[in-house]
Amino acid sequence: MSFTRAARNLHYSQPSVTAHIKNLEDYIGAELFHRAGGRVQLTEAGMRLLPHVEKIILIAEAACIDAASAGHTRPAA
């Protein structure tokens with residue numbers, strides 16, 4: 001539960017991850033993480049959002065697999 005560790009794993013800068021989280025919180029209108037001493041913890045809003053995000057990720061992965069299975073390739077440039 002660290003934005004720094006998440007940034008490292010995603011190959012993003014830590015300020016970029018923090019900015020994306022802040023933008024998401026602004027869009028949703030709720031704080032998603034408690035921030036304390038370099039560590040973060042999900043708020044109630046974050047915990048409620050998590051199962052929806054997990055479903056969205058599964059749907060996106062299934063869509064990519066389905067599209068890839070169509071067998072079409074891009075024409076050479």
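Read on for an overview of the structure. Per chain, residue numbering runs from 1 following the sequence as it is written. Owing to the predicted nature of the model, reporting of local features is limited to residues with pLDDT of at least 70; listing and counting of side-chain atom pairs is limited to 80 or more, with chain, interface and lining totals taken over all residues. Side-chain measures were taken over the full set of non-hydrogen atoms in the model, leaving aside hydrogen atoms and water.

A word on the side chain of Glu25
Working step 1: Relative to the helices and strands, Glu25 is located in helix 2 (residues 14–28).
Working step 2: Looking at Glu25, the relative accessible area reads 7%, which means it is buried.
Working step 3: At 2.9 Å, the side chain of Glu25 and the side chain of Arg35 are in polar contact.
Working step 4: Throughout, a contact is declared for two residues whenever any of their heavy atoms are within 4.5 Å. Discounting residues that sit within four places of it in the chain, Glu25 has contacts with Ala30, Glu31, Leu32, Phe33 and Arg35. In this text, helices come from DSSP runs of H or I with a minimum length of four residues, and strands from runs of E with a minimum of two, each type numbered from the N-terminal end. For each residue, the accessible area found with a 1.4 Å probe, counting protein chains only, is set against the maximum for its type, and the residue is called buried under 20%, exposed over 50%, and partly exposed in between. Polar contact is the term for a pair of N or O atoms within 3.5 Å; when the atoms are in protein, one must be able to donate a hydrogen and the other to accept it, and sequence-neighboring residues count only if both atoms are side-chain atoms.

Here's the deal with helix 2
Working step 1: With 15 residues, helix 2 extends 21 Å between its outermost C-alpha atoms, agreeing within 8% with the 21 Å of an ideal straight helix rising 1.5 Å per residue.
Working step 2: Every buried residue of helix 2 is listed here: Val17, Ile21 and Glu25. Burial along helix 2 is one-sided: seen end-on, the buried residues are contained in an arc of 75°. More than 90 degrees from the buried face of helix 2, the exposed residues found are Pro15 and Tyr27.
Working step 3: One or two residues past the end of helix 2 sits Gly29, with phi positive at roughly 85°. The length a helix should cover is 1.5 Å for every residue beyond the first. Throughout, the arc means the angular range of directions from the helix axis out to the C-beta atoms.

Quick look at a nonpolar patch on the surface
Working step 1: Among the surface-exposed residues, Leu24, Tyr27 and Ile28 lie close enough to one another that they form a single nonpolar patch of about 340 Å² accessible area.
Working step 2: Within the element layout of this structure, Tyr27 appears in helix 2.
Working step 3: The exposed category is assigned to Tyr27, whose relative accessible area is 74%. Here, patches come from residues exposed beyond 30% relative accessible area and free of salt bridges, joined within 9 Å for like charges and within 5 Å for nonpolar side chains (Val, Leu, Ile, Met, Phe, Trp, Tyr). Surface exposure here means Shrake-Rupley accessible area, sampled with a 1.4 Å probe, where a residue is shielded only by the protein chains that are shown. Salt bridge, as applied in this entry: a Lys or Arg side-chain nitrogen positioned within 4 Å of an Asp or Glu carboxyl oxygen.

Some words on the nonpolar core
Working step 1: In this text, buried Ala, Val, Leu, Ile, Met, Phe, Trp, Tyr and Cys residues form a nonpolar core when linked through side-chain atoms within 4.5 Å. Of all hydrophobic cores here, the largest spans seven residues; its members are Phe3, Ala7, Val17, Ile21, Leu32, Phe33 and Val40.
Working step 2: Elements with a contribution of two residues or more to this core: helix 1 (3–10) and helix 2.

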